[in-house]
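Here is what each chain is made of, one letter per residue.
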Amino acid sequence: MNRLKKIVLTSIILLLSLSSCSKDELICGTITGGGVDNLTGLLYLRVDNTKIWVDEKTYSSYFVGDYECFEDY
């Protein structure tokens, strides 16, 4: 009976981990710039020439030349 409980519990944990929200893909690279978008007024960082929208705290935390990964929304 104890072994059956372990199998059931392991199966439940496995199913929960598979059904949980998966993270969006990461965009990794070197920060090459950033700024404020003229149309929207939103802050962005350029990671290998890909524009990544960020909040003010994130924007002020990184510098050109830093290598970092960001979630792609």
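Structure: above.
We now turn to the structure provided with this report. Here, residues in each chain are numbered from 1, in the same order as that chain's written sequence. Totals for whole chains, interfaces and linings use all residues, but because this is a predicted model, local features are given only for residues with pLDDT of at least 70 and pairs of side-chain atoms are given and counted only at 80 or more. By convention in this description, side-chain values take in all heavy atoms of the structure and omit both hydrogens and water.

Stacked, tilted and edge-to-face pairs are distinguished by plane angle, under 30 degrees for stacked and over 60 for edge-to-face with tilted covering the rest, among Phe, Tyr and Trp rings (Trp via its six-membered ring) whose centres lie within 6.5 Å. Enumeration according to the criterion identifies two aromatic pairs in this entry. Pairing Y62 with F70 gives two aromatic rings, centres 5.4 Å apart and planes at 75°, and the pair type is edge-to-face. The positively charged end of K51 is found above the aromatic ring belonging to Y44, 4.4 Å away from the centroid. Here, a charge over a ring is recorded when the distance from Lys NZ or Arg CZ to the ring centre is within 6 Å and its angle to the ring normal is within 35 degrees.

The four strands are arranged β3-β2-β1-β4 in an open sheet whose pairing can be described as antiparallel. On the outer flanks of this sheet lie β3 (50–53) and β4 (67–71), each paired with one strand and no other. Within this sheet the neighbouring strands show an average axis-to-axis angle of 55°, counted without direction. By the convention used here, strands pair only if DSSP detects at least 2 bridges between them. Here a strand is any run of E in DSSP of at least two residues, a helix any run of H or I of at least four, and the numbering for each starts at the N terminus. As paired strands, strand β1 (residues 26–36) and strand β2 (residues 43–47) are joined by five bridges and run antiparallel to one another. Within β2, the residue paired with G34 across the bridge is L45. Interaxial angles span 0 to 180 degrees and are taken between N-to-C directions of axes, which are lines fitted to C-alpha atoms, for helices over the stretch in contact.

Our focus in this paragraph is the pattern of salt bridges. The term salt bridge refers to a side-chain nitrogen of Lys or Arg lying within 4 Å of a carboxyl oxygen of Asp or Glu. Under the defined criterion, the tally for this structure stands at one salt bridge. K51 is the partner of D37 in a salt bridge, and the nearest nitrogen-oxygen pair spans 3.3 Å. Highlighted residues: D37 in the loop between β1 and β2 and K51 in strand β3, separated in sequence by 14 residues. With a 1.4 Å probe rolled over the protein chains alone, any residue whose accessible area is under 20% of its type maximum counts as buried; one over 50% counts as exposed, and the rest are partly exposed. You can call D37 buried: its relative accessible area is 14%. For K51, a relative accessible area of 30% puts it in the partly exposed group.

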